[in-house]
Amino acid sequence: MGRILWFIIVALIVFWLLGLIFKIGGGLIHIILVVAGIIFILQLITGRRAA
């Protein structure tokens, strides 16, 4: 499950950068990036910790 989240986060960042460069997607890409950031932070906080 963690690998899927990391893939989604990386893909969304790439799409966000493409949206900034080519001026496409508008606010939707930014909203999705914020959601990806929240998922990333939750994954860091609640993820497994090494003993």
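The structure contained in this document is the topic of the report that follows. These figures come from a predicted structure and were not determined experimentally.

**Let's talk about the overall build of the protein**
Then step 1. Check the secondary structure of the protein and you find two helices and zero strands.
Then step 2. Scored against the burial criterion, the 51 residues of the protein give a buried share of 16%.

**Quick notes on the packing of aromatic side chains**
Then step 1. Under the counting rule described, the total for this entry stands at one aromatic pair.
Then step 2. Geometrically, the ring pair formed by tryptophan 6 and phenylalanine 40 is edge-to-face, given 5.1 Å between the ring centres and 80° between the ring planes. With tryptophan 6 in helix H1 (residues 2-22) and phenylalanine 40 in helix H2 (residues 27-46), the pair connects residues that are 34 residues apart, well separated along the chain.
Then step 3. Overall, tryptophan 6 belongs to the partly exposed group, its relative accessible area being 39%.
Then step 4. We classify phenylalanine 40 as partly exposed; its relative accessible area is 28%.

**As for a nonpolar patch on the surface**
Then step 1. A surface patch of nonpolar side chains, about 600 Å² in accessible area, is lined by Val10, Val14, Phe15, Leu18, Ile21 and Phe22.
Then step 2. Relative to the elements of secondary structure, isoleucine 21 occurs in helix H1.
Then step 3. A relative accessible area of 60% means that isoleucine 21 is categorised as exposed.

**Thoughts on the environment of leucine 33**
Then step 1. Here leucine 33 shows up in helix H2.
Then step 2. When the C-alpha atoms of leucine 33 and phenylalanine 15 are compared, they prove to be 9.0 Å apart, with 18 residues separating the residues in sequence.
Then step 3. With sequence-adjacent residues up to four places away left out, leucine 33 is seen in contact with Ile13 and Trp16.

**Examining the environment of valine 35**
Then step 1. Position of valine 35 among the secondary structure elements: in helix H2.
Then step 2. Remark: the alpha-carbon pair of valine 35 and isoleucine 9, spanning 26 residues in sequence, is separated by 9.1 Å.

Rules used throughout
- Residues numbered from 1 in each chain as written.
- Predicted model: local features only at pLDDT ≥ 70, side-chain atom pairs only at ≥ 80, totals over all residues.
- Heavy atoms only, no water.
- Helix = DSSP H or I, 4+ residues; strand = E, 2+ residues; numbered from the N terminus.
- Buried < 20%, exposed > 50% of the residue type's maximum accessible area, 1.4 Å probe, protein only.
- Phe/Tyr/Trp six-rings, centres within 6.5 Å; stacked < 30°, edge-to-face > 60°.
- Patch = residues over 30% accessible without salt bridge, like charges linked within 9 Å, V, L, I, M, F, W, Y side chains within 5 Å.
- Areas by Shrake-Rupley, 256 points an atom, 1.4 Å probe, with all protein chains shown as cover.
- Salt bridge = Lys/Arg side-chain N within 4 Å of Asp/Glu carboxyl O.
- Contact = heavy atoms within 4.5 Å.

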